[in-house]
Every structure is written in structure tokens, then in C-alpha cells.
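Single-letter residue listing:
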Amino acid sequence: MKYLLVLAVVLFAFYIWRNNRQTDRSDAAAPKAPPGKPNPPAIMVACLECGTHLPDTDSVRGRQGAYCSIEHQRQHEGAAH
Ligand SMILES: [Zn+2]
């Protein structure tokens, strides 16, 4: 009878541990990108001056839009005024 109680406790602990692991895994899988794709698709923008496409994160933000470089931002916004 004593062993049955121990077995029940162990099974209960194992059951809880398994449930925790499954919730951890589902929580981790949902917000993060799948491991097969290290780089999420980058948002591409075109330079307003020369039309070069570049990732939004690498672009220079001007008042009218994105540029590939500060020089093109100056040229474009300078020419507009
Ligand atoms: Zn440019």
C-alpha cells in the first residue's frame, strides 16, 4: 500500500511536469519564428531618388519617404524645394 502511494505521487508529479513542458513548448512556438527561417522577410523600400530597392531597416528616412543614402535624401528633398 505504501508503494502504491509513492507510485501515485510520482505519476502525479510526472503528469504535472509533462503538462508544464507542453505549455512551455506551445508558448515558445507561437510568438517566435520557426527555426528553419532565421531571417524574417524584410520589408523592402525603394529609394525615391534612384529607385534602388533596399531593406527598410537599412534605408534613410526622409520627410517624403525612404532613400538608399543620405546623399540621395539631400538631392531629392533639396531638388523638391
Ligand atoms: Zn538612391
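From a predicted model like this one, the values you see are computed outputs, not experimental measurements.

K.L.:
Tell me about the coordination of the zinc ion, residues and numbers included.
P.N.:
Reference values for angles at a metal are 109.5 degrees in the four-donor tetrahedral case and 90 or 180 degrees in the six-donor octahedral case. Around the zinc ion, the donor atoms from the protein are Cys 47 (SG), Cys 50 (SG), Cys 68 (SG) and His 72 (ND1), and they sit 1.9 to 2.3 Å away. Each of the 4 donor atoms around the zinc ion contributes to a set of angles spanning 97 to 120°, which defines the coordination as tetrahedral. Every donor residue of the zinc ion comes from the same chain, spaced as C-x2-C-x17-C-x3-H. Of this pair, Cys 50 sits in the loop between β1 (44-46) and β2 (53-55) while Cys 68 sits in the loop between β4 (66-67) and α2 (70-80), and the two are 18 residues apart along the sequence. According to the relative accessible area criterion, Cys 68 is partly exposed, its value standing at 26%.

K.L.:
Kindly report on the pattern of salt bridges, identifying the contributing residues and their values.
P.N.:
Enumeration according to the criterion identifies 2 salt bridges in this entry. Residues Arg 61 and Asp 56 are paired through a salt bridge, measuring 2.4 Å at the closest nitrogen-oxygen approach. Of the charged contacts in the structure, one is a salt bridge between Arg 63 and Glu 77, with a shortest N-O distance of 3.2 Å. Taken as a pair, Arg 63 in the loop between β3 (60-61) and β4 and Glu 77 in helix α2 lie far apart in primary sequence, 14 residues in all.

K.L.:
Any details on the side chain of His 72? Residues and values, ideally.
P.N.:
Topologically, His 72 is positioned in helix α2. Those residues within four positions of His 72 in sequence are excluded, and the remaining contacts are Cys 47, Glu 49, Cys 50 and Tyr 67.

The rules behind each value
- Residues numbered from 1 in each chain as written.
- Predicted model: local features only at pLDDT ≥ 70, side-chain atom pairs only at ≥ 80, totals over all residues.
- Heavy atoms only, no water.
- Donors = N, O, S within 2.8 Å, 3.2 Å for Na, K, Ca; no water.
- Tetrahedral: all angles 85-135°; square planar, octahedral: opposite > 155°, others 65-115°.
- Helix = DSSP H or I, 4+ residues; strand = E, 2+ residues; numbered from the N terminus.
- Buried < 20%, exposed > 50% of the residue type's maximum accessible area, 1.4 Å probe, protein only.
- Salt bridge = Lys/Arg side-chain N within 4 Å of Asp/Glu carboxyl O.
- Contact = heavy atoms within 4.5 Å.

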